[in-house]
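Letter by letter, the chains look like this.
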Amino acid sequence: MYLTLPIYTTKCNLHECLDLFLRSENMSGESKWKCPNCKQYRDATKKIDIWKLPPLLIIHLKRFKYEGVWRDKINSYVDFPIENLDFSKFLSGPNHEGLSNKYRLNGVTNHIGTMDGGHYTSMCRHFEMGRWIKYDDTDVKEMTNLSALKSPASYILFYSIY
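Heads up: these notes are all about the structure in this document. (Residues numbered from 1 in each chain as written. Predicted model: local features only at pLDDT ≥ 70, side-chain atom pairs only at ≥ 80, totals over all residues. Heavy atoms only, no water.)

Some points on the overall build of the protein chain
Thought 1: When helices and strands are tallied, the protein chain shows one helix and 16 strands.
Thought 2: By its C-alpha atoms, the protein chain is 60 × 50 × 25 Å across when sized along the principal axes.
Thought 3: Restricting to contacts in the protein chain with at least 6 residues of sequence separation, those with at least 24 account for 61%.
Thought 4: Across the protein chain, the 22 positively charged side chains and the 18 negatively charged ones have centroids separated by 4 Å. (Helix = DSSP H or I, 4+ residues; strand = E, 2+ residues; numbered from the N terminus. Contact = heavy atoms within 4.5 Å. Lys, Arg positive; Asp, Glu negative; His and termini not counted. Charge placed at Lys NZ, Arg CZ, Asp CG, Glu CD.)

Brief notes about helix 1 (residues 14-22)
Thought 1: Among the residues making up helix 1, those that are buried are Leu14, Cys17, Leu18, Phe21 and Leu22. Here the buried residues of helix 1 occupy an arc of 125° about the axis, which is enough to place them on one side.
Thought 2: In this fold, the buried residues of helix 1 make contact with strand 1 (2-6), strand 2 (12-13), strand 7 (56-62), strand 10 (78-79), strand 11 (85-86) and strand 16 (154-161).
Thought 3: If you check the start of helix 1, you find a side-chain oxygen 3.0 Å away from the backbone N of His15, and it comes from Asn13. (Buried < 20%, exposed > 50% of the residue type's maximum accessible area, 1.4 Å probe, protein only. Arc of directions from axis to C-beta. Polar contact = N/O pair within 3.5 Å; in protein donor to acceptor, adjacent residues only side chain to side chain.)

Notes on the pattern of salt bridges
Thought 1: Enumeration according to the criterion identifies 11 salt bridges in this entry.
Thought 2: Among the salt bridges present, the one from Arg71 reaches Asp116, with a minimum N-O distance of 2.3 Å. Highlighted residues: Arg71 in strand 9 (residues 70-73) and Asp116 in the loop between strand 12 (102-113) and strand 13 (118-126), separated in sequence by 45 residues.
Thought 3: Residue classification places Arg71 among the partly exposed residues on the basis of a relative accessible area of 47%.
Thought 4: Here Glu142 ties to Arg131 by a salt bridge, and the two come within 3.2 Å at their closest N and O atoms. With Glu142 in strand 15 (residues 139-142) and Arg131 in strand 14 (residues 131-136), this pair connects stretches of sequence that are 11 residues apart.
Thought 5: A relative accessible area of 41% means that Glu142 is categorised as partly exposed.
Thought 6: Looking at Arg131, the relative accessible area reads 39%, which means it is partly exposed.
Thought 7: One continuous salt-bridge network, built from bridges that share partners, spans Glu83, Arg104 and Arg125. (Salt bridge = Lys/Arg side-chain N within 4 Å of Asp/Glu carboxyl O.)

Considering the packing of aromatic side chains
Thought 1: All told, the structure shown has four aromatic pairs when counted by the stated rule.
Thought 2: Aromatic side chains Phe87 and Tyr103 sit 5.6 Å apart centroid to centroid with 70° between the ring planes, which places their arrangement in the edge-to-face category. Of the two residues, Phe87 is situated in the loop between strand 11 and strand 12 and Tyr103 in strand 12; the sequence distance between them amounts to 16 residues. Across the pair, Tyr103 and Phe87 agree in class, each one buried.
Thought 3: These aromatic residues form a ring-pair network of at least three members: Phe64, Tyr120 and Tyr155.
Thought 4: The residue whose ring lies beneath Arg104 is Tyr162, and the NZ or CZ to ring-centre distance is 4.3 Å. (Phe/Tyr/Trp six-rings, centres within 6.5 Å; stacked < 30°, edge-to-face > 60°. Lys NZ or Arg CZ within 6 Å of the ring centre and 35° of its normal.)

Topic: the pairing of strand 7
Thought 1: Strand direction decides the pairing type here: strand 1 and strand 7, joined by five bridges, are parallel. Bridged to Leu3 within strand 7 is Ile59. (Pairing = 2+ DSSP bridges.)

Structural notes on the nonpolar core
Thought 1: Among the nonpolar cores identified, the biggest contains 31 residues, and Leu14, Ile59, Phe87, Leu157 and Tyr159 are the most heavily contacted of them.
Thought 2: Elements with a contribution of two residues or more to this core: strand 1, helix 1, strand 7, strand 12 and strand 16.
Thought 3: Once residues lying within four places of it in the same chain are set aside, the contact partners of Ile59 are Leu3, Leu5, Leu14, Leu85, Tyr155, Ile156, Leu157 and Tyr159. (Core = buried A, V, L, I, M, F, W, Y, C linked by side-chain atoms within 4.5 Å.)

Shown next as structure tokens:
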């Protein structure tokens, strides 16, 4: 599953981003819903729910915003768990007893720069070695400080259920 989560323009955490993503949205004015039966535009409410969790979860933090002709990058710090991302409170629908709702972080892609240009780096968990590795073009090295996994440059998070 791939989620594109909106982020706040101030410091926040991943649970707050998920709450914002799953919040009901009123569709009115320029954003009215077009009824497929009568073809009329109508006020409506849009709501996204998560019913089932995938074994792999990719979370894209929506760092780029567009307002008319203006573009900007949101450089807010988003705190996210390395272990135990618990999705229990975000699940809707049928009974999920006996299934794991927890994820472990396996990788982070960072974007450093602006909308006009930038650079990507990544950090990945090496399961056989039990360590984290940072990849920056040809510079590949083991990470000794796991707090470096989290930064305002964090852009895409890769999780697996456990």
